Amino acid sequence: MIDYPSSARWTAVTAARRPSPRISPLTAADWPAVRAIYEEGIATGQATFETAAPEWPAWDAARLAVGRLVARRGQRVIGWAALSPVSSRAVYAGVAEVSIYVAAAARGQGVGKALLRALIEAAEDGGLWTLQAGIFPENAASLALHQSCGFRVVGRRERVARLHGVWRDALFLERRSSRVGV
């Protein structure tokens, strides 16, 4: 009879054997993999109000140049993060909205935390002083990830928009830099 480790121990043992993801800049060549991961997130119904991933030109135009990152295992993209401006007004030039997505097969393996930490560093290096995120209250994993990286819930936007005809709330989180704009 084979004595298999408990599922919690098995997960910890196998996770310890996985190499840390390599974080690198996101390029147009990464778009097919990034889009596929984005579509996985959209399909959950818990990641975004979007119902379809845009084409590269639209996605590219809506994101800041700073903080476009992918996580890789070997050559495979397993997650991505990017920043979007919150306003075109100059006074908000140091404020950006976070997007972070991890491939379904790589969730729960520290990929999100590696990406978010790298994103925060890139944002601060780029002069951003506040990062914000809107997260569905039901998305406990994303909430925990953001809070573990210094984000705090500052409010709840009740019935802020509809997804597939259903009104949804979104928690509003922010992280203020301790080194930019102090």
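In the block above lies the structure referred to throughout.
As the structure is a computational prediction, the values presented were derived from the model and not from experiment.

Reading the values: the criteria
Residues numbered from 1 in each chain as written. Predicted model: local features only at pLDDT ≥ 70, side-chain atom pairs only at ≥ 80, totals over all residues. Heavy atoms only, no water. Helix = DSSP H or I, 4+ residues; strand = E, 2+ residues; numbered from the N terminus. Rg over C-alpha atoms; globule rule 2.2 N^0.38 Å. Buried < 20%, exposed > 50% of the residue type's maximum accessible area, 1.4 Å probe, protein only. Contact = heavy atoms within 4.5 Å. Areas by Shrake-Rupley, 256 points an atom, 1.4 Å probe, with all protein chains shown as cover. Lys, Arg positive; Asp, Glu negative; His and termini not counted. Charge placed at Lys NZ, Arg CZ, Asp CG, Glu CD. Patch = residues over 30% accessible without salt bridge, like charges linked within 9 Å, V, L, I, M, F, W, Y side chains within 5 Å. Salt bridge = Lys/Arg side-chain N within 4 Å of Asp/Glu carboxyl O. Core = buried A, V, L, I, M, F, W, Y, C linked by side-chain atoms within 4.5 Å.

A. Molecular detail of the overall build of the protein chain. Along the protein chain, the regular secondary structure elements total five helices and seven strands. When the helices and strands of the protein chain are placed in sequence order, the string is α-β-α-α-β-β-β-α-β-α-β-β. Scaling as 2.2 N^0.38, a compact globule of 182 residues should have a C-alpha radius of gyration of about 16 Å, and the protein chain matches this with 17 Å. Principal-axis analysis of the C-alpha atoms gives the protein chain an extent of 65 × 35 × 35 Å. With 182 residues in all, the protein chain has 41% of them scored as buried. When contacts within the protein chain are restricted to residue pairs at least 6 apart in sequence, long-range pairs at least 24 apart make up 64% of them. For the protein chain, the accessible surface area stands at approximately 10,200 Å², while carbon and sulfur atoms represent 53% of it. Measuring between centres, the 23 positive side-chain charges of the protein chain sit 4 Å from its 15 negative side-chain charges.

B. Seen up close, unusual backbone geometry. The backbone of arginine 159 sits at a positive phi, close to 45°, despite the residue not being glycine. Along the chain, the position of arginine 159 falls in strand S6 (residues 152-163). With phi around 55°, histidine 164 is a residue other than glycine that occupies positive phi space. Relative to the elements of secondary structure, histidine 164 occurs in the loop between S6 and strand S7 (166-176). Classification of histidine 164 as exposed rests on a relative accessible area of 66%.

C. Spotlight on a nonpolar patch on the surface. A cluster of nonpolar side chains, contributed by Val86, Val91 and Tyr92, occupies part of the molecular surface with about 240 Å² of accessible area. By the element assignment, valine 91 lies in the loop between strand S3 (76-85) and strand S4 (95-102).

D. Representation of the nonpolar core within the structure. Formed by 26 residues in total, the largest nonpolar core has its most connected members in Leu83, Val98, Leu116 and Leu131. Secondary-structure elements contributing two or more residues to this core are strand S2 (69-73), S3, S4, helix H4 (111-125), strand S5 (130-135), helix H5 (140-148) and S7. Look past the residues within four positions of leucine 116 in its chain and what remains in contact with it is Val98, Ile100, Leu145, His146, Cys149 and Phe151.

E. Representation of the environment of arginine 162 within the structure. Tracing the backbone through its elements, the reader meets arginine 162 in strand S6. Taking the C-alpha atoms as reference points, arginine 162 and phenylalanine 49, separated by 113 residues in sequence, lie 7.4 Å from one another. Residues contacting arginine 162, with those up to four places away along its chain left out, are Phe49 and Trp167.

F. The pattern of salt bridges, seen in detail. A full pass over the atoms with the stated rule returns ten salt bridges. Here arginine 35 makes a salt bridge to glutamate 55, at a shortest N to O gap of 3.1 Å. A residue pair is termed long-range when its members are at least 10 positions apart, and arginine 35 in helix H2 (residues 31-44) and glutamate 55 in the loop between H2 and helix H3 (56-61) qualify at 20 residues. What makes arginine 35 partly exposed here is its relative accessible area of 21%. Where aspartate 125 meets arginine 179, a salt bridge forms, and the shortest distance between an N and an O atom there is 2.7 Å. Remark: arginine 179 occurs in the segment after S7 and aspartate 125 occurs in helix H4; sequence separation between them is 54 residues. Relative accessible area serves as the criterion here: at 47%, arginine 179 is assigned to the partly exposed category. One salt-bridge network, held together by shared partners, links Glu124, Asp125, Arg175 and Arg179.

G. Structural detail: the environment of glycine 126. Relative to the helices and strands, glycine 126 is located in the loop between H4 and S5. It is 24 Å that separates the C-alpha atoms of glycine 126 and isoleucine 78, two residues lying 48 residues apart in sequence.

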